[in-house]
Amino acid sequence: QVQLVESGGGLVQPGGSLRLSCVGSGSLLSIYTMGWYRQAPEKQRELVTTITSGGSTNYADSVKGRFTISRDNAKNTVFLQMHSLKPEDTAVYYCNAHSPLVPRDYWGQGTQVTVSS
């Protein structure tokens with residue numbers, strides 16, 4: 001019912017910026033809570049940020065003040081703007097959609113972000 005495709009990852013120096021995009025297909029995506037998660041090698045997948053259908057956001061303490069999540073419902077797209085990147089931000093970043101209609105989450109394939117000199 002829902003497919004998600006992330007893009008925008010890459011290699012960036014510490015202190016740099018990247019913007020990730022997640023484009024969704026399927027019906028009713030605009031009423032889902034959207035989020036970004038990340039997973040570093042040998043680490044657990046962790047929540048980075050979420051945004052509700054009404055625009056309410058929350059952020060992990062590690063990214064507050066540096067990352068911003070936003071959504072464009074007309075384009076079925078969610079963004080993650082990342083500033084002041086640190087080596088510890090290096091991970092595969094995954095887009096998530098949570099359906100309020102059925103007990104199910106949808107995931108993208110992930111996009112690699114590497115922060116290194």
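Details of the structure are given in the entry above.
What you see is a predicted model, and the numbers here were worked out from it, not measured in a lab.

Student: I'd like a rundown of the overall build of the chain, residues and numbers included.
Tutor: A tally of helices and strands in the chain yields 0 helices and 11 strands. A compact globule built from 117 residues would reach a C-alpha radius of gyration of about 13 Å, and the chain, at 14 Å, matches this within 12%. Classification of the 117 residues of the chain by burial places 39% in the buried group. Across the chain, contacts joining residues at least 24 apart in sequence account for 54% of those joining residues at least 6 apart. A total accessible area of about 6200 Å² is found for the chain, and carbon and sulfur atoms account for 49% of it. For the chain, the separation between the mean place of its 10 positive charges and that of its 8 negative charges on side chains is 4 Å.

Student: Describe the pairing of strand β9 (residues 91–98), naming the residues involved and giving the relevant values.
Tutor: Counting buried residues in β9 gives 6 out of 8 residues, a clear majority hidden from the surface. In this structure, β9 lies alongside strand β11 (residues 111–115), joined through 3 bridges in antiparallel fashion. Of the residues in β11, the one forming a bridge with alanine 91 is valine 113. Of the strand pairs in this sheet, β9 and strand β10 (residues 105–107) are connected by 3 bridges, and their pairing is antiparallel.

Student: I'd like a description of the sheet that holds strand β7 (residues 67–72), backed by residues and values.
Tutor: Where strands meet in a sheet, backbone hydrogen bonds hold them as pairs that are either parallel or antiparallel. Taken in spatial order, the 4 strands line up as β1-β3-β8-β7 in an open sheet, and their pairing is antiparallel. Across the chains shown, the open sheet's two edge strands, defined by having one partner strand only, are β1 (3–7) and β7. Here the average twist between neighbouring strands, direction ignored, is 15°. Pairing between strand β3 (residues 18–25) and strand β8 (residues 77–82): 6 bridges, direction antiparallel. Opposite leucine 18, over in β8, you have methionine 82 as the bridge partner.

Student: Mind laying out the environment of threonine 49, listing which residues take part and the relevant values?
Tutor: Along the chain, the position of threonine 49 falls in strand β5 (residues 46–51). The buried category is assigned to threonine 49, whose relative accessible area is 0%. When the C-alpha positions of threonine 49 and valine 63 are compared, they lie 8.5 Å apart, and in sequence the two are 14 residues distant. Leaving out residues up to four positions away in the same chain, threonine 49 has contacts with Met34, Gly35, Trp36, Asn58, Tyr59, Ile69 and Leu80. Reaching out from threonine 49, the side chain makes a polar contact with the backbone oxygen of asparagine 58 at a distance of 2.8 Å.

Student: Could you give me a rundown of a nonpolar patch on the surface, with the residues and numbers involved?
Tutor: Where nonpolar side chains cluster on the molecular surface, the patch consists of Leu28, Ile31, Leu101 and Val102 and spans about 330 Å² of accessible area. On the basis of relative accessible area, isoleucine 31 is assigned to the partly exposed category, the value being 35%.

Rules used throughout
Residues numbered from 1 in each chain as written. Predicted model: local features only at pLDDT ≥ 70, side-chain atom pairs only at ≥ 80, totals over all residues. Heavy atoms only, no water. Helix = DSSP H or I, 4+ residues; strand = E, 2+ residues; numbered from the N terminus. Rg over C-alpha atoms; globule rule 2.2 N^0.38 Å. Buried < 20%, exposed > 50% of the residue type's maximum accessible area, 1.4 Å probe, protein only. Contact = heavy atoms within 4.5 Å. Areas by Shrake-Rupley, 256 points an atom, 1.4 Å probe, with all protein chains shown as cover. Lys, Arg positive; Asp, Glu negative; His and termini not counted. Charge placed at Lys NZ, Arg CZ, Asp CG, Glu CD. Pairing = 2+ DSSP bridges. Axes fitted to C-alpha atoms, helices over the stretch in contact; angles between N-to-C directions. Polar contact = N/O pair within 3.5 Å; in protein donor to acceptor, adjacent residues only side chain to side chain. Patch = residues over 30% accessible without salt bridge, like charges linked within 9 Å, V, L, I, M, F, W, Y side chains within 5 Å. Salt bridge = Lys/Arg side-chain N within 4 Å of Asp/Glu carboxyl O.

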